[in-house]
Amino acid sequence: MEIQKNPVNTQGEKVRSVAWEYNCLEEVCGACSMKINGKVRQACSALVDRLEQPIILEPMETFPVEKDLVVNRERMLSALKKIKGWIPIDGTYFMGLIV
Ligand code: FES
């Protein structure tokens, strides 16, 4: 979200923002998972001021990269559908995608 406010490269030149996904923003869905400073974790719970600087963001290596930090998690989601690996709530959901 900080990059999105002012996307620049290492020379300070304006560039397009980075594509990444999010959904719940509360460590539930895993949509925001990415490598942060070399460790896979959920970006929505990574507090920028508590991370070693500079912060290095990379896509997860386990899934095919679609664009920037967005990976294709279909393989995992299909497996969850097969075993009905979720807790039913009210039937609504939204998968956020910022491109
Ligand atoms: S775990 Fe859902 S947006 Fe981070």
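All of the points below concern the structure found in this document. In this convention, every chain numbers its residues from 1, walking through the sequence in written order. Given that this is a predicted model, residues contribute local features only at a pLDDT of at least 70 and side-chain atom pairs are listed and counted only at 80 or more, while totals for whole chains, interfaces and linings are drawn from all residues. With hydrogens and water excluded, all non-hydrogen atoms of the structure serve as input to the side-chain values.

Structural notes on the overall build of the chain
- Helix and strand definitions here come from DSSP, where helices need a minimum of 4 consecutive H or I residues and strands a minimum of 2 consecutive E residues; each element is numbered from the N-terminal end. Counting secondary structure elements, the chain contains two helices and seven strands.
- When the helices and strands of the chain are listed from N to C terminus, the series reads α-β-β-β-β-β-β-α-β.
- Each of the three principal axes of the chain carries a C-alpha extent, and together these read 50 × 25 × 25 Å.
- What makes two residues a contact is simply this: any of their non-hydrogen atoms within 4.5 Å. The contacts of the chain with a sequence gap of at least 6 include a subset with a gap of at least 24, amounting to 37%.
- All accessible areas in this document rest on Shrake-Rupley with a 1.4 Å probe, and a residue is counted as covered only by the protein chains that are shown. Summed over all atoms, the accessible surface of the chain reaches about 7,500 Å², with 56% contributed by carbon and sulfur.
- Charged side chains in the chain number 13 positive and 13 negative. The centres of these two groups are separated by 4 Å. For this count, His and the chain ends are skipped, Lys and Arg are scored as positive, and Asp and Glu as negative. Where a charge sits is defined by one atom per residue type, namely NZ (Lys), CZ (Arg), CG (Asp) or CD (Glu).

Observations regarding the layout of surface pockets
- Considered as a void within the structure, the second largest pocket measures approximately 550 Å³ in volume.
- In this analysis a 1.4 Å probe is tested at points of a 1 Å grid over the protein atoms alone, and where it fits but cannot get out there is a cavity; an open set with protein on both sides within 12 Å along at least five of seven lines is a pocket; lining residues have an atom within 4 Å of a point. Every residue lining the second largest pocket is counted, 23 residues in all, and those nearest its centre are Met 1, Glu 2, Ala 43, Val 48 and Leu 57.
- Elements that contribute at least two residues to the lining of the second largest pocket include exactly helix H1 (2-5), strand E1 (20-22) and strand E2 (33-36).
- The leading source of residues in the lining of the second largest pocket is H1, at three residues.
- Basically, the charged four are Asp, Glu, Lys and Arg, the nonpolar ten are Ala, Val, Leu, Ile, Met, Phe, Trp, Tyr, Cys and Pro, and anything else, Gly included, counts as polar. When its residues are assigned to classes, the lining of the second largest pocket shows 19 nonpolar, three polar and one charged. Grid points are joined across faces, edges and corners, and a volume is the space filled by probe spheres set on the points.

A short note on the pairing of strand E3 (residues 39-42)
- Of the strand pairs in this sheet, E2 and E3 are connected by four bridges, and their pairing is antiparallel. Bridged to Ser 33 within E3 is Gln 42.
- Strand pairing is defined by DSSP finding a minimum of two bridges between the two strands. Hairpin connection of E2 to E3: two residues between the antiparallel strands, including Asn 37 at a positive phi of 50°.

As for unusual backbone geometry
- In this structure, the amide linkage connecting Gln 53 to the following residue, Pro 54, adopts the cis form with an omega of -10°.
- Of note, Pro 54 is situated in the loop between E3 and strand E4 (57-58).
- Look at Leu 25: it is not a glycine, yet its phi comes out positive at around 60°.
- Note on placement: Leu 25 falls in the loop between E1 and E2.
- The backbone of Lys 84 shows a phi angle near 50°, a positive value even though the residue is not glycine.
- Along the polypeptide, Lys 84 turns up in the loop between helix H2 (74-83) and strand E7 (96-98).

Digging into the packing of aromatic side chains
- What counts as a ring pair is set by centres within 6.5 Å for rings of Phe, Tyr and Trp (its six-membered ring), and what kind of pair is set by the plane angle: stacked under 30 degrees, edge-to-face over 60, tilted for all other angles. Counting across every chain of the model gives one aromatic pair.
- Ring centres 5.2 Å apart and planes at 35° place the aromatic pair Trp 20 and Tyr 22 in the tilted group.
- Using a 1.4 Å probe on the protein chains alone, a residue whose accessible area is under 20% of its type maximum counts as buried, one over 50% counts as exposed, and one in between counts as partly exposed. Take Trp 20: its relative accessible area is 10%, and that puts it in the buried class.

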